[in-house]
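Listed below are the residues making up each chain.
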Amino acid sequence: MVFDSIAEPGHEQISYFSDPETGLTAIVAIHDTSLGPSLGGTRIRDYESEEAALTDVLRLSEAMTYKAAATDLPLGGGKAVIIGDPEEVKTEEALEAYGRAVDCLAGRYITSVDINSGAEEMDIVARETDHVVGGTDGLGNPSEVTAHGVFSGIRACAEHTYGTSTVSDLNVVVQGLGKVGRLLAEELLEHGASVTISDVNQEAVDEFSAAHDVDIVAPDAVYEEPCDVFAPCAIGGVVNDETIDQLQCDIVAGSANNVLKERRHADALAERDILYAPDYVINAGGLVTVGKEYLGGTYEEAYEESEKIGDRLTEMIERAEAEGTTVLDAAEAYAQERIDESETVTPALPSN
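Here the structure is a predicted model, which is why all the values come from computation and not from measurement.

Student: Would you mind going over the overall build of the protein in detail, with residue names and values included?
Tutor: When helices and strands are counted, the protein shows 14 helices and eleven strands. Relative to the 2.2 N^0.38 estimate, which gives 20 Å for 352 residues, the radius of gyration of the protein is 19 Å and therefore close to what a compact globule would have. For the protein, the spread of C-alpha atoms along the three principal axes comes to 55 × 45 × 40 Å. Burial status across the protein gives 54% buried among its 352 residues. The long-range share in the protein, meaning contacts at least 24 apart out of those at least 6 apart in sequence, stands at 65%. Element-wise, carbon and sulfur atoms account for 44% of the exposed surface of the protein, whose accessible area totals about 15,200 Å². On the protein, the mean spot of the 21 positive side-chain charges and the mean spot of the 69 negative ones are 3 Å from each other.

Student: Provide a residue-level description of the environment of I14, including the pertinent values.
Tutor: Structurally, I14 is set in strand β1 (residues 13–19). Once the C-alpha coordinates of I14 and V195 are considered, the two residues, 181 residues apart in sequence, prove to be 41 Å apart.

Student: Quick one: what's the story with the sheet that holds strand β6 (residues 171–175), residue by residue and with numbers?
Tutor: Two pairing modes exist for strands in a sheet, parallel and antiparallel, and in both the strands are linked by backbone hydrogen bonds. An order of β8-β7-β6-β9-β10-β11 is seen for the six strands of this open sheet, with the pairing classed as parallel. Each edge of the open sheet is held by one strand with a lone partner, namely β8 (215–216) and β11 (275–276). Two strands pair when backbone bridges link them, and strand β9 (residues 229–232) and strand β10 (residues 251–252) are joined in this way by two bridges, in the parallel orientation. Of the residues in β10, the one forming a bridge with F230 is V252.

Student: Could you give an account of the side chain of H148, with specific residues and numbers?
Tutor: Among the structural elements, H148 can be located in helix α6 (residues 143–162). Owing to a relative accessible area of 5%, H148 belongs among the buried residues under this scheme. Among the polar contacts listed, one links the side chain of H148 to the side chain of Y303, at a separation of 3.1 Å.

Procedures and definitions
- Residues numbered from 1 in each chain as written.
- Predicted model: local features only at pLDDT ≥ 70, side-chain atom pairs only at ≥ 80, totals over all residues.
- Heavy atoms only, no water.
- Helix = DSSP H or I, 4+ residues; strand = E, 2+ residues; numbered from the N terminus.
- Rg over C-alpha atoms; globule rule 2.2 N^0.38 Å.
- Buried < 20%, exposed > 50% of the residue type's maximum accessible area, 1.4 Å probe, protein only.
- Contact = heavy atoms within 4.5 Å.
- Areas by Shrake-Rupley, 256 points an atom, 1.4 Å probe, with all protein chains shown as cover.
- Lys, Arg positive; Asp, Glu negative; His and termini not counted.
- Charge placed at Lys NZ, Arg CZ, Asp CG, Glu CD.
- Pairing = 2+ DSSP bridges.
- Polar contact = N/O pair within 3.5 Å; in protein donor to acceptor, adjacent residues only side chain to side chain.

So far we have only geometry, and geometry alone does not tell us how the molecule works.
Laid out in structure tokens, this is it:
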């Protein structure tokens, strides 16, 4: 199953790690290191099966390759998953064992924060390896940079679709009030947009709506809510055969990874004249932040870099129109050209 799974997307390396003493079960996927060492977060999740975990890590690591290339970073794509209930498997002993696993990859993979793993967890991992960024002594939580990059991308999409460089006349549905979704909604509101929120966590909805003037839509009705922009900021795969026909928007642009259930759904959106901002382009602010930490830079520089996401997305939209393709096609072509033009580099070890 493993060899069949990695053949088509062309992964360089898939590593399984098991430590019975600590209960660690993890998979590290290195997709491509043509531009530099692979960098991607560690997701801790109680997957339904090992196959589901493998599928997730393969998709995410491939997306990280294109995200780094499309963001003009000298990094490759990788990702890791730790399998199990975070409440049970996120122990210091297991995270230390995971750090040793990352270390044995000798710098081909640099790990960082992701779902259910934050700066505190990275501090523990860092006890056993130098190949980690995103700890408490790093540049800080990348969520603000990520949200600002998504905001910049939405503004670029709006300028293309409506001919306006502001968001003040937009109605945006934000699906998911996690770290990035909440910050994105706040930035949109600050700039005059009308925002509708939705989340399966009712407490998060109540807290946000108590502090801000927003509308609320139930999770099971979010796709059919009329709006200008649908911004998925929670789980992936939400644009699929079932939801596409429900969408009543002109733009799909959000921070969630792997928004499309399948690649063909980009074509389905285009057929409905819905502009899709490829997630690995628009949500790259987090990678920009940890990339700055690894390569050298400041949080302020990362924030400024996230402004360029809108410009880069505009370039891809214009290329798609000129070539008669989807924006996803244009983004992939942009990234692949960078990869093809590159020479394989030897991973540099971080200085920390």
